[in-house]
Amino acid sequence: MTTTAPQPTAPQDAATAAQSAATAARARAGAGGLPAFDRLLELAEGERAVAVRNVPATLECFTAHFPRHPVLPGVLLLESLAALARTAAGPGAWRLAGVRGVRFKHFVGPGDQVHLTVEVSRHSPQRTECRATARVEGRVVATVRALTLLSATTTREGTA
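Residues numbered from 1 in each chain as written. Predicted model: local features only at pLDDT ≥ 70, side-chain atom pairs only at ≥ 80, totals over all residues. Heavy atoms only, no water.

Engineer: Would you mind going over the nonpolar core with me for this structure?
Structural biologist: If you look at soluble globular proteins, the nonpolar side chains tend to sit buried side by side. Counting residues in each nonpolar core, the largest one holds 33 residues, and the members touching the most others are L77, V108, V114, L116 and L147. Among the elements of the structure, β2 (48–54), α2 (74–89), β4 (113–123), β5 (127–136) and β6 (139–151) are those that each provide at least two residues to this core. Tallying contributions element by element places α2 first for this core, with 9 residues. Leave out the neighbours within four places in its chain, and L147 touches L81, A82, A85, L96, G98, V99, T128, E129 and C130. (Core = buried A, V, L, I, M, F, W, Y, C linked by side-chain atoms within 4.5 Å. Buried < 20%, exposed > 50% of the residue type's maximum accessible area, 1.4 Å probe, protein only. Helix = DSSP H or I, 4+ residues; strand = E, 2+ residues; numbered from the N terminus. Contact = heavy atoms within 4.5 Å.)

Here is the structure:
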């Protein structure tokens, strides 16, 4: 089931639509409020999400990482996949709890368009696990075997 942005039909629906849009915007926001992905192409909450991230040459990280051969830091790519996983997990506040099996296979540089895919493998109200893939021009540049999200209301053992 693929969903699209709902069209408000009544004042109550407009408020709900605005809240959904705000939640989606927060999920897309990365560090420092920069977008973790630019466009959501497909969304089946609790199942799968596909998005696109454009990598502009103007990103500040390229001045130091690396000046003669600019490369998008892997942690920023991972952050984009985590933001897409939060969107795929559905409504609610989700936080990244763990990442396993991360493989960076090729460099991502300025001007690249990264296609992000997240598939939910387990989903419950408290915990969501996903597999993720990033591709540039059809070539796999990164994979994540297990990306774990916990509900923000879930406390970790040993915490208050």
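Read on, since the account is not over.
Engineer: Even after reading the chapter, I still don't get a positive patch on the surface, so can you show me in this structure?
Structural biologist: Positive charge collects at one region of the surface, where R100, R103, K105, R122 and R145 lie side by side. In this structure, K105 sits in the loop between β3 (94–104) and β4. (Patch = residues over 30% accessible without salt bridge, like charges linked within 9 Å, V, L, I, M, F, W, Y side chains within 5 Å. Areas by Shrake-Rupley, 256 points an atom, 1.4 Å probe, with all protein chains shown as cover. Salt bridge = Lys/Arg side-chain N within 4 Å of Asp/Glu carboxyl O. Lys, Arg positive; Asp, Glu negative; His and termini not counted. Charge placed at Lys NZ, Arg CZ, Asp CG, Glu CD.)

Engineer: I'm lost on the side chain of D112 in this one. Help?
Structural biologist: Locating D112 in the fold gives a position in the loop between β3 and β4. The side chain of D112 sits in the buried core without any salt bridge; R139 is the nearest counter-charge, 8.8 Å away. At a separation of 2.8 Å, a polar atom in the side chain of D112 contacts the main-chain amide nitrogen of G109. (Polar contact = N/O pair within 3.5 Å; in protein donor to acceptor, adjacent residues only side chain to side chain.)

Engineer: So what exactly am I meant to see when it comes to the sheet that holds β5 here?
Structural biologist: In any sheet, the strands associate via hydrogen bonds between backbone groups, in a parallel or an antiparallel arrangement. The strand order across the open sheet built from 6 strands is β1-β2-β4-β5-β6-β3, with neighbouring strands paired in antiparallel fashion. Every interior strand has two partners, whereas the edge strands, β1 (39–44) and β3, have only one. Going across the sheet, the axis of each strand differs from the next one's by a mean of 20°, ignoring polarity. The sheet contact formed by β4 and β5 spans 9 bridges and is antiparallel. Paired with V118 across the bridge in β5 is A132. Where α2 meets the sheet, it contacts β1, β2, β3, β4, β5 and β6, and its direction lies at approximately 50° from that of β4. (Pairing = 2+ DSSP bridges. Axes fitted to C-alpha atoms, helices over the stretch in contact; angles between N-to-C directions.)

Engineer: How should the side chain of R53 be read in this particular structure?
Structural biologist: With respect to the element layout, R53 can be found in strand β2. The side chain of R53 is buried and forms no salt bridge, while D38, the nearest opposite charge, is found at 5.6 Å. Of the polar contacts made by the side chain of R53, one reaches the backbone oxygen of L76; its length is 3.3 Å. Excluding its chain neighbours within four sequence positions, the residues that come into contact with R53 are P35, A36, F37, D38, L59, L72, L76, S80, D112, Q113, V114 and L116.

Engineer: Explain the pairing of β4 here, please?
Structural biologist: One face of the sheet, then the other: side chains in a regular strand alternate in exactly this way. As paired strands, β2 and β4 are joined by 7 bridges and run antiparallel to one another. By the bridge assignment, R48 is partnered in β4 with E119. Hairpin remark: β4 followed by β5, antiparallel, with 3 residues in the connecting loop.

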